[in-house]
Amino acid sequence: MSDFRLYNTLSRQVESFAPSDGTTVRMYTCGPTVYNPAHLGNFRTFLFEDLMRRVLALRGWKVHQVMNLTDVDDKIIKRAQEQGKTITQVTEPVIQIFHRDREYLRIQPAEAYPKATDFIPQMITLVERLVERGVAYQAEDRSVYFAIARFPTYGKLSRLDTREIKSGARVIQDDYSKENAQDFALWKAAKPEDEATGAAWDSPWGRGRPGWHLECSAMAMDLLGETLDLHCGGIDLIFPHHEDEIAQSEAATGVTFSRVWCHGAFLLTDGAKMAKRVGNVASVQVLREEKFSAAALRHFVFNTHYRKELNLSDKALEASRQAVRRIGDFADRLNGESALALGGTAELGTAADEAVAAAEKALFDDLNGPEALAALFDFVRRANAELDRMGGDRASVERARAAFARINGVLDIVPDRESADAVLESWIEELLALRRDARARRDFAESDRIRDELKGRGVVIEDAGGETRWKLE
Ligand code: AMP
Ligand code: ZN
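These numbers come from a predicted model, not from an experiment. (Residues numbered from 1 in each chain as written. Chains lettered and ligands numbered in written order. Predicted model: local features only at pLDDT ≥ 70, side-chain atom pairs only at ≥ 80, totals over all residues. Heavy atoms only, no water.)

1. Quick look at the sheet that holds strand S10 (residues 258-264)
Consideration 1: Within the open sheet, the 4 strands sit side by side as S4-S3-S9-S10. Their pairing is parallel. Across the chains shown, the open sheet's two edge strands, defined by having one partner strand only, are strand S4 (62-67) and S10. Adjacent strand axes in the sheet meet at a mean angle of 25 degrees, parallel and antiparallel pairs treated alike. (Pairing = 2+ DSSP bridges. Helix = DSSP H or I, 4+ residues; strand = E, 2+ residues; numbered from the N terminus. Axes fitted to C-alpha atoms, helices over the stretch in contact; angles between N-to-C directions.)

2. Quick word on the coordination of the zinc ion (ligand 2)
Consideration 1: The protein atoms that coordinate the zinc ion (ligand 2) are Cys30 (SG), Cys216 (SG), His241 (NE2) and Glu245 (OE), at distances of 2.0 to 2.4 Å.
Consideration 2: Taken together, the 4 donor atoms coordinating the zinc ion (ligand 2) span angles of 76 to 130 degrees at the metal, a pattern that classifies the geometry as irregular.
Consideration 3: Look at where the donors of the zinc ion (ligand 2) fall in the sequence and you get C-x185-C-x24-H-x3-E. Pair noted here: histidine 241 and glutamate 245 are both in helix H8 (residues 238-253), with a separation of 4 residues, about one helical turn. The two residues histidine 241 and glutamate 245 agree in class, both being buried. (Donors = N, O, S within 2.8 Å, 3.2 Å for Na, K, Ca; no water. Tetrahedral: all angles 85-135°; square planar, octahedral: opposite > 155°, others 65-115°. Buried < 20%, exposed > 50% of the residue type's maximum accessible area, 1.4 Å probe, protein only.)

3. Regarding the pattern of salt bridges
For side chains of opposite charge, pairing can occur when their charged atoms come near one another.
Consideration 1: All chains considered together, the criterion is met by 35 salt bridges.
Consideration 2: When the shortest N-O distance is used, the salt bridge between arginine 53 and glutamate 111 registers 3.0 Å. One end of the pair, arginine 53, is in helix H1 (residues 40-58); the other, glutamate 111, is in the loop between helix H3 (87-104) and helix H4 (120-132), and 58 residues separate them in sequence.
Consideration 3: For glutamate 111, a relative accessible area of 38% puts it in the partly exposed group.
Consideration 4: Here lysine 273 makes a salt bridge to aspartate 236, at a shortest N to O gap of 3.3 Å. Here the residue lysine 273 occupies a position in strand S12 (residues 272-273), and aspartate 236 occupies one in the loop between strand S9 (228-234) and H8, the gap between them amounting to 37 residues. (Salt bridge = Lys/Arg side-chain N within 4 Å of Asp/Glu carboxyl O.)

4. Regarding the pairing of S9
Consideration 1: Of all 7 residues in S9, 7 are buried, a share of seventy percent or more.
Consideration 2: Relative to S9, strand S3 (residues 24-29) runs parallel, the two being bridged by 3 bridges. Pairing of methionine 27 across the sheet is with leucine 230, part of S9.
Consideration 3: Here 6 bridges tie S9 to S10, and the two strands are oriented parallel to one another. For glycine 234, the partnering residue across the bridge sits in S10 and is glycine 264.
Consideration 4: Taken together, S9, H8 and S10 form a β-α-β motif whose crossover is right-handed. (Right-handed = clockwise from strand over helix to strand, strands pointing away.)

5. As for the domain arrangement of the protein
Consideration 1: Domain annotation for the protein reports domain 1 (5-272), domain 2 (315-411) and domain 3 (417-472).
Consideration 2: Each of domain 1 and domain 3 was reduced to a C-alpha centroid, and the two centroids are 50 Å apart. (Domains from an automatic or database assignment.)

6. Focus on the environment of leucine 157
Consideration 1: Relative to the helices and strands, leucine 157 resides in the loop between strand S6 (144-146) and helix H5 (169-172).
Consideration 2: Look at leucine 157 and you get buried, because its relative accessible area is 0%.
Consideration 3: When the C-alpha atoms of leucine 157 and glutamate 15 are compared, they prove to be 16 Å apart, with 142 residues separating the residues in sequence.

7. Quick word on the site of ligand 1
Consideration 1: Within the structure, ligand 1 sits among 18 residues, and Gly41, Thr45, Asp236, Leu267 and Met274 are positioned closest to it.
Consideration 2: Within the backbone of glycine 41, one N or O atom sits 3.0 Å away from a nitrogen atom of ligand 1.
Consideration 3: Contact distances for ligand 1 include 3.0 Å between an oxygen atom and a backbone N or O atom of glycine 234.
Consideration 4: In the complex, 92% of the free accessible area of ligand 1, which totals 490 Å², lies under the protein chains.
Consideration 5: For the shell around ligand 1, the elements supplying multiple residues, two or more each, are H1 and S9.
Consideration 6: In terms of residue count, the dominant contributor to the shell around ligand 1 is H1 (4 residues). (Near = heavy atom within 4 Å. Polar contact = N/O pair within 3.5 Å; in protein donor to acceptor, adjacent residues only side chain to side chain. Areas by Shrake-Rupley, 256 points an atom, 1.4 Å probe, with all protein chains shown as cover.)

8. Topic: the sheet that holds strand S5 (residues 136-138)
Consideration 1: Sheet architecture is open: 4 strands sit in the order S5-S6-S7-S8, paired in antiparallel fashion. One side of each edge strand has no neighbouring strand; the edge strands of this open sheet are S5 and strand S8 (208-210). Put simply, the sheet's adjacent strands are angled 20 degrees from each other on average, direction ignored.
Consideration 2: Here S5 pairs with S6 via 3 bridges, running antiparallel.

9. Digging into the nonpolar core
One broad rule of soluble globular proteins: the nonpolar side chains tend to lie buried together.
Consideration 1: Counting 85 residues, the largest nonpolar core has Met52, Leu56 and Leu230 as the members making the most contacts within it.
Consideration 2: The leading source of residues in this core is H1, at 10 residues.
Consideration 3: Counting contributing residues, this core receives three or more from each of domain 1 (5-272) and domain 2 (315-411).
Consideration 4: Setting aside anything within four residues of it in sequence, one finds leucine 230 in contact with Leu6, Phe17, Val25, Arg26, Met27, Tyr28, Met52, Leu56, Ser258, Val260 and Cys262.
Consideration 5: By size, the runner-up hydrophobic cluster in this structure holds 51 residues, among which are Ile87, Leu130, Met219 and Ala251. (Core = buried A, V, L, I, M, F, W, Y, C linked by side-chain atoms within 4.5 Å. Contact = heavy atoms within 4.5 Å.)

10. Details of the environment of leucine 105
Consideration 1: You can see leucine 105 is positioned in the loop between H3 and H4.
Consideration 2: Expressed as a C-alpha distance, the spacing of leucine 105 and alanine 294, which sit 189 residues apart in the sequence, is 4.7 Å.

11. Some points on the side chain of serine 249
Consideration 1: Here serine 249 shows up in helix H8.
Consideration 2: Residue classification places serine 249 among the buried positions, given a relative accessible area of 1%.
Consideration 3: Beyond its immediate stretch of four places on either side in the chain, serine 249 contacts Ser217, Met221, Gly254 and Phe257.

12. Topic: helix H11 (residues 314-335)
Consideration 1: Along its 22 residues, H11 runs 31 Å from first to last C-alpha, staying within 8% of the 32 Å computed at 1.5 Å per residue.
Consideration 2: Taken together, the buried residues of H11 touch helix H9 (284-289), helix H10 (294-302), strand S13 (310-312), helix H12 (337-342), helix H14 (369-388) and helix H15 (394-411). (Expected span 1.5 Å × (residues − 1).)

Written out as structure tokens, the structure reads:
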């Protein structure tokens with residue numbers, strides 16, 4: 001079987017990859033902080049991870065993916081305090097929206113979505129181990145910190161000396177009474193707002209709450225074991241988050257925390273990172289309202305390599321919408337009854353085999369989405385030409401169907417009928433509302449124009465008893 005390679009941030013190289021037990025990839029992916037619905041930037045990373053799990057499965061491995069939900073942090077507590085709620089009351093609805101959006105984008109579910117607040121005992125145990133080993137200390141402010149000076153390999157992931165990453169805002173926000181400014185909080189002493197919002201727990205160091213980095217180490221090791229095969233996230237997490245996860249985990253266990261680290265590049269808008277702070281975020285909700293299907297967004301995201309920055313624009317999304325339509329039309333043709341009845345040619349079978357080989361080669365070489373898509377489009381072009389010849393060979397049509405299903409099973413960019421119907425329906429409803437308004441202001445020319453526009457798309461309308469009904473011709 002062909003080699004499988006991934007770019008490992010730890011070594012800064014594309015390396016051969018296989019799960020350590022030969023069968024199941026144990027994969028941890030940092031999930032959303034659930035104080036606001038995730039934006040398309042977050043979903044670019046989650047789509048990269050969806051591609052990862054589907055490609056791993058295509059390669060023949062089982063995948064055990066864990067994605068945490070950060071349901072306790074500064075922003076959540078602030079929101080809860082402002083609204084007079086508990087943190088759970090803030091996070092629960094956001095978690096529901098996350099899963100609804102995830103399903104809309106056809107991101108396969110992870111095997112587990114642990115919430116930080118459900119793993120407090122495991123986190124306390126981990127901090128106890130670090131204190132026992134002398135790499136963590138309680139400071140005057142009663143918080144417990146990790147002493148990076150006592151962990152010699154600190155910085156191996158981000159290569160601190162050469163990195164250009166500025167230390168994240170999340171570190172700067174912390175209160176300091178520490179040995180070293182870079183020491184990070186494992187356990188934060190409770191403040192009144194933490195108590196008021198249900199974000200404080202008992203611990204050997206007094207009431208408090210976990211630091212952000214701690215949750216991932218504790219949950220990853222509890223659910224996947226002390227050494228993971230693969231840890232993924234967006235590029236901004238390399239420092240300090242993942243550096244700190246490595247420090248906490250490896251200082252406690254003495255073994256490698258994750259064998260391989262993969263990071264996805266940012267989604268940008270007008271050249272700037274999409275982020276709440278910048279105020280340039282777009283949501284899945286907006287995508288839906290503007291009738292961009294999951295297929296179009298998946299095509300848009302996968303058409304750029306996950307390690308390259310990607311700029312969101314209406315033009316690019318529109319181009320993806322067109323590309324997806326082309327794939328959808330081809331899928332309808334290939335899977336329709338007449339394709340089988342008319343049959344294919346020997347060349348159709350060859351094109352199918354070559355398409356699968358080319359797509360797998362691309363995907364197994366560090367998830368090369370754009371090359372896999374190019375292989376798919378090449379196949380669509382060749383297969384359409386062969387189908388035109390009506391060669392009578394049913395087996396080649398079956399082979400082409402299987403090839404298409406195999407490649408699309410990973411990229412998942414065929415627009416499904418159901419969502420196409422939903423898009424048509426909402427378009428019709430919109431036009432009918434415009435027509436109602438036009439009639440209300442006695443603008444019958446406009447009302448007739450809308451009727452004709454609908455008719456042009458095969459929608460016939462009927463006014464009866466003050467109501468308008470429609471049906472497809
Ligand atoms: P957060 O909810 O901020 O912890 O982020 C969840 C995930 O989204 C992390 O893996 C981040 O690295 C990732 N992320 C945040 N902003 C972007 C962006 N603009 N483009 C791609 N990934 C992002
Ligand atoms: Zn994490």
